[in-house]
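Structural characterization, general
Residues per chain, in single letters:
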Amino acid sequence: MISDIEAQGIRDRLAGTLDAVAEAARVSGRRPEDVALVAISKFHPADAVRAAYEGGQRHFGENYIQEALAKQDELADIDISWHFTGRLQSNKAKFVPDRFGLLHTLDGSKLAQALHKRLAATCAPTLDVLIEVNLGGEGQKAGVEESELSALAEEVLGLSTLRLRGLMLLPPFDLTPEQRRPLFARLRELRDKLEPSLGAKLPDLSMGMTDDFPEAVMEGATIVRVGTRIFGPRPVKQ
Ligand SMILES: *Cc1c(COP(=O)(O)O)cnc(C)c1O
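Everything quoted here is computed from the prediction, not taken from an experiment.

**Comments concerning the site of the ligand**
- Around the ligand lies a shell of 13 residues, among which Lys42, Asn63, Thr210, Thr228 and Arg234 are the nearest.
- Within the complex, 91% of the 390 Å² of free accessible area of the ligand lies under protein.
- In terms of residue class, the shell around the ligand is built from 5 nonpolar, 5 polar and 3 charged.

Here it is, written out as structure tokens:
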């Protein structure tokens, strides 16, 4: 359980985050409503999610399947849009379509095919996905390489069960927000190049976290993923 004071703190920080996202949109000549905030609740208890929900937040992101399923069960009485933002192994793909509205981290053919198989077998509706791109080089393990992006996007477009909505970026942690900004710009440029070659619209760019969401919004983020600024420091995973 979290205390009333903690719950109020979450709501206050949520309101402050929404203001800051709106301000970043305005200074970059964009409309605040064109940037969605996903509250990243990994390692935080269901009560913390509920507190943010009571503050008006509807979109939440989780990184670990087991943890997410348990939290979703605890929160089944409220209407949350869940996002999956962690690394997803193909053998866990089956849990995603039933439980999440948007997968941010599609990173290869194997995962795309596993999701497709699951969706096709269950007659579930389509799943919205973003392709995670690795712009961090050697040290970065998640995401497709730039050179493989176009082929994966083509493959996903060919799967009737997946709806490709755009791209996602998780920059290397050791970069400052200013050093990350060119990577945010690069993701937008990749999207802009991909759209005409695919003949499809890719409206969403998921980029920007607690430390760098203003920079990401200035470079065109339509979805920012913020955890620490809303929920405080993450407790150690149980
Ligand atoms: C944890 C996480 C976040 C949130 O990070 P904060 O710095 O706490 O805002 C955003 N995106 C992904 C993919 C994450 O894993």
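**Describing the environment of proline 32**
- When you line up the elements, proline 32 lands in the loop between helix 1 (4-27) and strand 1 (36-40).
- Taking relative accessible area as the criterion, proline 32 reaches 26% and is therefore assigned partly exposed.
- With 81 residues separating them along the chain, proline 32 and glutamine 113 place their C-alpha atoms 36 Å apart.
- In this structure proline 32 touches Ala22, Ala25 and Arg26, once residues within four positions along its chain are discounted.

**Things to note about the UniProt feature "modified residue: N6-(pyridoxal phosphate)lysine" (unreviewed entry) in the protein**
- In this structure's numbering, the residues bearing the UniProt feature "modified residue: N6-(pyridoxal phosphate)lysine" (unreviewed entry) are Lys42.
- Its place among the elements puts lysine 42 in the loop between strand 1 and helix 2 (46-54).
- Take lysine 42: its relative accessible area is 16%, and that puts it in the buried class.
- Excluding residues that lie within four positions of it along the chain, lysine 42 makes contacts with Gly61, Glu62, Asn63, Tyr64, Glu67, Lys71 and Arg234.

**Overview of unusual backbone geometry**
- Of note, phenylalanine 43 is a non-glycine position whose phi angle comes to about 70°, a positive value.
- Looking at the element boundaries, phenylalanine 43 is found in the loop between strand 1 and helix 2.
- With relative accessibility at 17%, the residue phenylalanine 43 sits in the buried group.

**Considerations on the pattern of salt bridges**
- Scanning the entire structure with this criterion turns up 17 salt bridges.
- The salt bridge involving glutamate 219 is made with arginine 181; its shortest N-O contact spans 2.7 Å. Within this pair, whereas glutamate 219 is found in the loop between helix 8 (213-218) and strand 9 (223-226), its partner arginine 181 is found in helix 7 (residues 177-198), the two being separated by 38 residues in sequence.
- Here arginine 191 makes a salt bridge to aspartate 192, at a shortest N to O gap of 2.9 Å.
- Residues joined by salt bridges that share partners form a network here, namely Glu62, Glu67 and Lys71.

**Quick look at the packing of helix 6 (residues 146-157) against helix 7**
- Helix 7 packs onto helix 6 with a crossing angle of 45° between their chain directions and a minimal axis gap of 11 Å. With respect to each other, helix 6 and helix 7 are oriented oblique. Every pair of crossing elements has a handedness; the one defined by helix 6 and helix 7 is right-handed. Residue-level inspection shows Glu146, Leu149, Ser150, Ala153, Glu154 and Leu157 of helix 6 in contact with helix 7, the latter providing Arg186, Leu190, Leu194, Ser197 and Leu198.

So, how was this worked out
Residues numbered from 1 in each chain as written. Predicted model: local features only at pLDDT ≥ 70, side-chain atom pairs only at ≥ 80, totals over all residues. Heavy atoms only, no water. Near = heavy atom within 4 Å. Areas by Shrake-Rupley, 256 points an atom, 1.4 Å probe, with all protein chains shown as cover. Nonpolar A, V, L, I, M, F, W, Y, C, P; charged D, E, K, R; others polar. Helix = DSSP H or I, 4+ residues; strand = E, 2+ residues; numbered from the N terminus. Buried < 20%, exposed > 50% of the residue type's maximum accessible area, 1.4 Å probe, protein only. Contact = heavy atoms within 4.5 Å. UniProt positions renumbered as here; feature names shortened; annotations may be inferred. Salt bridge = Lys/Arg side-chain N within 4 Å of Asp/Glu carboxyl O. Axes fitted to C-alpha atoms, helices over the stretch in contact; angles between N-to-C directions. Parallel < 35°, antiparallel > 145°, perpendicular 65-115°, else oblique. Left-handed = near helix turned anticlockwise from the far one by under 90°.

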